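# Residue-level structural notes
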Amino acid sequence: MLLSLEDATVRFGGRAVLDAVGLDVAEHEVVCVLGPSGSGKSTLLRAVAGLQPLDRGRVLLDGRDQAGVPAHRRGVGLMFQDHQLFPQRDVGGNVAFGLRMRGASRGQRDARVRELLDLVGLPGAAGRAVASLSGGEQQRVALARALAPRPRLLMLDEPLGQLDRSLRERLVVELKELFGRLGTTVLAVTHDQGEAFALADRVVVMRDGRIAQSGTPLEVWQRPADEFVARFLGFDNVVEGTVGGEAAVTPWGKLPVPAGTPDGSHTLLVRPAGVRLVAADQGLRCTVAARTFKGSHVAVHLQPEDAQRLEAACALREAPEVGDTVGVEFEAAEIVVLGRPSGA
Amino acid sequence: MDLARTEVTPRKGAGKRKDAGKRKNGGERKGAAKSVAARLGLLAVPVAFFAVFFAYPVAAIVARGLKADGVWQLGRITDVLGDAGIRHVLWFTTWQALASTALTLLIALPGAYVFARLDFPGKHVLRAVVTVPFVLPTVVVGTAFLALVGRGGLLDELWGLRLDTTVWAILLAHVFFNYAVVVRTVGGLWSQLDPRQEEAARMLGASRIAAWRKVTLPALGPAVAAAALMVFLFTFTSFGVVQILGGPTFSTLEVEIYRQTSEIFDLSTAAVLTLIQFAAVGAVLAVHAWTVRRRETALRLVDASTTARRPRGAGQWALLAGVLVSVALLLVLPPAVLVQRSFDAPDFGYYRALTSDDSGIFLVAPIEAIGNSLEYAVVATVIAVVIGGLAAAALTRRDAGRLVRGFDALLMLPLGVSAVTVGFGFLIALDEPPLDLRSSWILVPLAQALVGVPFVVRTMLPVLRAVDERLREAAAVLGASPWRVWREVDLPMVRRALLIAAGFAFAVSLGEFGATVFIARPDHPTLPVAVARLLGRAGELNYGQAMALSTILMVVCAVALLVLERLRGDRTGEF
């Protein structure tokens with residue numbers, strides 16, 4: 001493993017910001033840590049970079065314990081979320097910084113700066129002042145600066161956090177291609193699931209300093225491990241139910257569950273796509289409370305007579321009006337039995 | 001930009017990380033311990049400097065005064081305090097400092113408002129003009145007021161009015177001196193307060209006055225308090241001004257210490273007075289440190305250039321006019337009269353007299369004092385910048401701990417501790433191997449640097465603290481060692497502050513009088529010492545030469561400051 005965290009724990013005051021985190025990143029792997037604000041993901045990067053001492057546990061790079069190795073000797077790159085470009089240096093000076101610290105000659109530096117600025121799509125920008133750059137350009141310079149010394153591990157803290165949406169979507173694709181081409185090992189953190197899913201080979205969801213789930217984007221998306229992960233990914237159709245055989249009894253009526261689910265009480269997730277609208281006299285009777293336009297579909301918020309609300313995804317033309325009464329049926333394929341949240 | 005920060009922890013965690021560092025075991029503790037060690041290492045040089053050239057001499061002279069046959073004679077303290085004359089000095093020192101502070105605030109606060117909130121032609125020039133007095137040597141200020149309100153002064157000639165026999169001359173000179181402290185400290189903050197806060201209060205139904213009272217005044221309060229304390233500190237320990245303007249009637253603690261030491265040779269009384277002054281100054285500094293911390297509370301600050309407006313309405317115009325008149329009368333007139341007096345002899349007679357060495361007062365021509373002063377001041381500046389710079393670098397991190405914060409406050413002490421004591425302490429304490437410096441020229445710059453260091457630290461610290469910690473971290477992750485981080489990130493950003501600090505240290509060193517008067521060698525007088533000695537002699541020629549030398553000193557200081565002013569631009573600052 002290129003990077004291993006074992007039992008990594010950081011406390012601020014009495015609170016554990018990182019709580020016994022174990023994480024492995026293999027060479028050439030792109031891992032995205034996903035979590036809400038305050039889940040400890042930035043602290044995780046800082047701990048690996050050597051900017052944040054651990055209270056317990058170990059950080060290993062290439063199998064070597066990094067205890068006592070200061071930040072500047074770890075050979076990892078970190079791209080800060082607001083870039084932190086050096087304001088008194090020009091673009092070239094920023095990109096060359098890490099090379100200069102490693103004693104590269106002027107010629108080597110110039111060549112590498114040129115190479116990297118080409119790579120991030122800013123050819124010939126070496127002489128520009130940092131202050132004259134747009135947000136997207138700053139982001140590219142920060143990336144070039146982090147990549148220049150060829151770090152064995154590149155870490156990105158909310159790499160696209162401050163950019164506007166369209167630019168973000170474009171850059172995600174560019175980054176993904178770039179990392180693939182360079183074979184860079186990447187550990188990124190973000191609170192944006194779209195960014196994480198687009199960028200990562202593997203997604204690690206964090207909650208309150210612990211790892212809630214780890215898996216490929218598809219795995220995490222299809223089978224959220226628990227209610228927290230499901231809700232964090234934007235799924236709100238979560239309901240308690242009692243499983244008996246192939247169905248579960250819930251406030252929304254009987255829901256089909258995957259074969260092999262043990263009997264007993266469970267938390268169930270119904271993906272909006274699995275909520276099918278039918279005629280009002282069939283299935284669960286609901287009133288349409290609200291509709292939100294989502295571009296490719298309409299999210300219909302449904303209020304059953306005496307249960308919590310649920311959401312359905314409808315094609316544009318089929319969406320009922322607010323106030324309509326509809327019936328609801330559920331599709332077994334879109335129902336997930338969630339685990340108990342860790343720590344709860 | 002700042003919104004994104006709420007999520008990461010470094011800011012909020014800064015104080016807490018230290019706690020984490022204290023806990024035992026854990027692999028990476030070593031790194032944290034090392035950085036603490038590095039910071040303490042940086043502090044070692046300033047600490048050693050202050051121990052040897054400040055604490056030791058002061059302690060030595062106090063011990064010399066209060067110890068007989070190896071036994072502390074603490075009874076002397078009550079003896080001295082029981083003396084009616086000394087009690088009178090204490091009383092006068094305190095009330096003149098309070099009166100000077102009140103008067104300075106009264107006159108300078110409108111000035112602070114005008115500089116902060118009003119925009120008018122010539123503002124930048126005027127701001128510089130207002131600041132010049134602060135870096136003028138006390139001796140020059142005393143001389144200038146002598147030329148204005150003293151015997152044969154301008155007012156005496158015009159209306160037969162003399163103030164040098166009254167306390168007013170001292171009070172006005174103190175206002176002259178400290179006007180800039182109030183304008184800088186209060187006005188600097190005022191100009192950066194977001195006017196929209198007041199507007200928000202008015203939208204919520206507050207009248208203009210109520211909004212000012214409820215929103216602006218509380219925000220300014222700590223700055224006013226800090227300015228008042230600084231003025232109190234400077235006037236409480238006033239020496240040169242009172243020495244020249246006080247005559248035999250008025251004497252502050254510092255002047256009395258000088259008298260007891262150099263005229264009566266009563267070291268034990270001087271030692272007791274030194275301790276009293278030390279205690280008083282320590283108390284004032286403690287309160288000052290507290291207000292500084294209060295001032296660091298989160299205020300919404302905006303770019304100063306956006307808050308000033310053209311005056312509107314009769315009230316604002318009247319205020320502006322009043323401030324301009326008070327500046328003209330109080331700050332411009334005295335030095336102008338000084339210059340005029342210095343030319344008040346045919347063929348630049350006073351200036352030409354400076355070049356001759358047959359006056360009998362000096363072993364050398366007075367004009368040589370210029371060269372001496374410049375040489376000493378340059379060396380003192382270098383020392384002050386190195387010592388102060390190291391201290392500032394070590395104190396940069398806010399979470400540096402109580403010990404380091406305490407040192408921060410200690411660095412201010414030389415501003416308040418009797419310079420006379422320090423000077424005399426140098427002579428007494430630094431006279432045997434391995435530190436036999438009594439006859440060395442370095443003694444003078446060392447003493448002057450002591451006063452310069454607080455200015456260097458005060459100027460550089462806010463700038464260093466404003467450098468985003470994550471910029472340093474970015475450099476570290478890119479492979480920069482702590483030393484290179486400082487060189488590559490901090491230094492370029494503080495270069496300007498460093499120059500400003502150097503300028504202040506230079507001006508302060510040039511004007512240092514209390515300590516230098518003891519340790520400057522007779523054949524190597526500095527400008528302030530030469531001025532004081534000329535004033536101490538009777539005769540019009542000596543008086544005129546004092547005016548001429550003062551003018552030269554003033555010009556050198558003013559030039560240094562105006563250069564600074566170009567470098568500084570609009571910034572909040574204490575000095």
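Residues numbered from 1 in each chain as written. Chains lettered and ligands numbered in written order. Predicted model: local features only at pLDDT ≥ 70, side-chain atom pairs only at ≥ 80, totals over all residues.

Time to look at helix H12 (residues 253-262) of chain B. Turn by turn, an α-helix covers 3.6 residues, leaving residues three or four places apart pointing in a common direction. The element H12 of chain B is extensively covered by neighbouring structure, given that eight of its ten residues are classed as buried. Buried within H12 of chain B are the following residues: Leu253, Glu254, Val255, Glu256, Ile257, Tyr258, Gln260 and Thr261 of chain B. (Buried ≥ 20, exposed ≤ 12 C-beta atoms within 10 Å, placed from the backbone. Helix = DSSP H or I, 4+ residues; strand = E, 2+ residues; numbered from the N terminus.)

Turning next to the domain arrangement of chain A. All names here are of chain A. We note that the domain assignment places domain 1 (3-229) and domain 2 (232-338) within chain A. The gap between the C-alpha centroids of domain 1 and domain 2 is 38 Å. Facing the ten residues of domain 1 at the interface are eight residues of domain 2. With three residues, the single largest contributor to the side of domain 1 that touches domain 2 is helix H8 (residues 227-232). Residues that form the side of domain 1 that touches domain 2 fall into these classes: six nonpolar, one polar and three charged. (Domains from an automatic or database assignment. Contact = placed C-beta atoms within 7 Å. Nonpolar A, V, L, I, M, F, W, Y, C, P; charged D, E, K, R; others polar.)

Residue and element names in this part refer to chain B. At a minimum axis separation of 10 Å, helix H8 (residues 168-192) and helix H14 (residues 313-342) run at an interaxial angle of 100°. Considering the angle they form, H8 stands roughly perpendicular to H14. Seen from H8, the contacting residues are Leu172, Val175, Phe176 and Tyr179; seen from H14, they are Leu330, Leu331 and Pro334. A per-class count over the contact of H8 with H14 returns seven nonpolar, no polar and no charged. (Axes fitted to C-alpha atoms, helices over the stretch in contact; angles between N-to-C directions. Parallel < 35°, antiparallel > 145°, perpendicular 65-115°, else oblique.)

Turning our attention to helix H24 (residues 527-535) of chain B. Where burial is concerned, most of H24 of chain B is hidden: nine out of the nine residues are buried. Within the span of H24 of chain B, buried status applies to Leu527, Pro528, Val529, Ala530, Val531, Ala532, Arg533, Leu534 and Leu535 of chain B.

The next subject is unusual backbone geometry. Residue and element names in this part refer to chain A. Of note in the backbone geometry, glutamine 84 takes a positive phi value of approximately 50° without being a glycine. Among the structural elements, glutamine 84 can be located in the loop between strand S6 (76-79) and helix H2 (91-101). Since 24 C-beta atoms lie within 10 Å of it, glutamine 84 is described here as buried. Although it is not a glycine, aspartate 208 adopts a positive phi angle of roughly 50°.

On to the pairing of strand S7 (residues 153-157) of chain A. Residue and element names in this part refer to chain A. Across the five residues that make up S7, a large majority, five, are buried. Side chains Leu153, Met155 and Asp157 of S7 all project onto a buried face; the interleaved residues Leu154 and Leu156 project onto the opposite face, where all are buried too. Direction of pairing for S6 relative to S7: parallel, over a ladder of four bridges. Note on S7: the bridge partner recorded for methionine 79 is leucine 156. (Pairing = 2+ DSSP bridges.)

A word on the nonpolar core. Counting 168 residues, the largest nonpolar core has Ala501, Ala505 and Leu549 of chain B as the members making the most contacts within it. Take this core: its biggest share by element is 16 residues, from H8 of chain B. Both domain 1 (34-64 + 345-575) and domain 2 (74-342) of chain B contribute no fewer than three residues apiece to this core. Not counting residues within four places of it along the chain, the set of residues in contact with alanine 501 of chain B comprises Val385, Gly388, Phe455, Val456, Thr459 and Met460 of chain B. Grouped together as the second largest cluster of nonpolar side chains are 107 residues, Leu34, Val95, Ala125 and Val229 of chain A included. (Core = buried A, V, L, I, M, F, W, Y, C linked by C-beta atoms within 7 Å.)

Before going further, it helps to spend a moment on the UniProt feature "domain: ABC transporter" (unreviewed entry) in chain A. The sites that UniProt annotates as "domain: ABC transporter" (unreviewed entry) are residues 3-233 of chain A. From the first C-alpha to the last, residues 3-233 of chain A spans 27 Å; its make-up is 36% helix and 26% strand. (UniProt positions renumbered as here; feature names shortened; annotations may be inferred.)

Before going further, it helps to spend a moment on the pairing of strand S10 (residues 210-215) of chain A. All names here are of chain A. As judged from the five bridges shared by strand S9 (residues 202-207) and S10, these two strands associate in the antiparallel manner. The residue bridging valine 205 from the neighbouring strand is glutamine 213, located in S10. Connecting the antiparallel pair S9 and S10 is a turn made up of two residues, with aspartate 208 showing a positive phi of about 50°.

Residues and elements named next belong to chain A. Strand order in this open sheet of six strands is S6-S7-S8-S3-S9-S10, and the pairing throughout is mixed. A strand with exactly one partner marks an edge of an open sheet, and here the two such strands are S6 and S10. With strand direction ignored, the average angle separating the axes of adjacent strands in the sheet is 20°. Pairing of S7 with strand S8 (residues 186-190) involves four bridges; the strand directions are parallel. Across the sheet, residue leucine 154 finds its bridge partner in S8, namely valine 186.

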